[in-house]
Structure formats: structure tokens, C-alpha cells
Amino acid sequence: MASLCEGGNEPSASLKVICKRSATKSQAEKIRNAEIRRIMEVEDGIIEEIGSRRVKWYGRLCRMDETRITKIVYEWKLEGRRRRPQTS
């Protein structure tokens, strides 16, 4: 099961504190994130979890009927150009 405490990109300082506290470790102990993930028995990082869920969603999208709004919006191609905002 994935959680916010998993690796991948560098988490914020406050997130590191939360992960260490949930593993009952203090910041003063200077424990590496990999060790915290091992203590909490977490295998995959949040980035890998997001990637696998996106692939699953894309598979569902490909199998959808052509009349489903989700598929229509996903395959929608914009025409023309976007206007530049007016500055004052």
C-alpha cells in the first residue's frame, strides 16, 4: 500500500517530519528516508503508485465506448489559437 511518506521526488521538510513521527522517530535521530520506508514496511514510492494508476486508467479509457463523455473529452482536439490576455 502506498503513502505520502514514500520516495521518488524529494518531499517537503514538513512531510519528512510527519513520516518520521509516524514511524515513531524524531528528526534528531537523523534517519534516512529509505530506513523510514523499511521500518514502515513500504515498498513502492508514491511516484510509482501514481504511474501504475495512470496506466490502469488509460487502459479503462481505451476500452470505453466512443459515446462516453470521458473518452470524448480525452480525445478532444482544440481548434484555433488562444488569445493573449489584455494588459492594462
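Residues numbered from 1 in each chain as written. Predicted model: local features only at pLDDT ≥ 70, side-chain atom pairs only at ≥ 80, totals over all residues. Heavy atoms only, no water.

> What is the right way to look at the overall build of the chain in this model?
In terms of regular secondary structure, the chain is built from 4 helices and 0 strands. For the chain, the sequential pattern of α-helices and β-strands runs α-α-α-α. Taken across its 88 residues, the chain has 17% of its residues classed as buried. Accessible area of the chain: about 8200 Å², with a carbon and sulfur share of 52%. (Helix = DSSP H or I, 4+ residues; strand = E, 2+ residues; numbered from the N terminus. Buried < 20%, exposed > 50% of the residue type's maximum accessible area, 1.4 Å probe, protein only. Areas by Shrake-Rupley, 256 points an atom, 1.4 Å probe, with all protein chains shown as cover.)

> Looking at this model, I keep getting lost on the confidence of the model for the chain. Mind explaining?
The predicted coordinates of low-pLDDT regions are not to be read in fine detail. Taken as a whole, the chain shows an average pLDDT of 75; of its residues, 64% reach a score of 70 or greater. Of all helices and strands in the chain, the one with the weakest mean pLDDT is helix H1 (residues 13-22) (58), whereas helix H4 (residues 69-74) scores best (92). Predicted confidence for residues 1-7 stays below pLDDT 50, and this span has 19 contacts to residues more than four positions away or in other chains. (pLDDT = per-residue confidence, 0-100. Contact = heavy atoms within 4.5 Å.)

> Looking at this structure, I do not really get the pattern of salt bridges. What am I missing?
Pairing is possible between side chains that carry opposite charge, provided their charged atoms lie close to one another. Per the stated rule, a full pass over the model turns up 2 salt bridges. Between Glu49 and Arg53 there is a salt bridge, and its shortest N-O distance comes to 2.7 Å. Taken as a pair, Glu49 and Arg53 lie in helix H3 (residues 46-63) at a separation of 4 residues, close to a single helical turn. Residue classification places Arg53 among the exposed residues on the basis of a relative accessible area of 55%. (Salt bridge = Lys/Arg side-chain N within 4 Å of Asp/Glu carboxyl O.)

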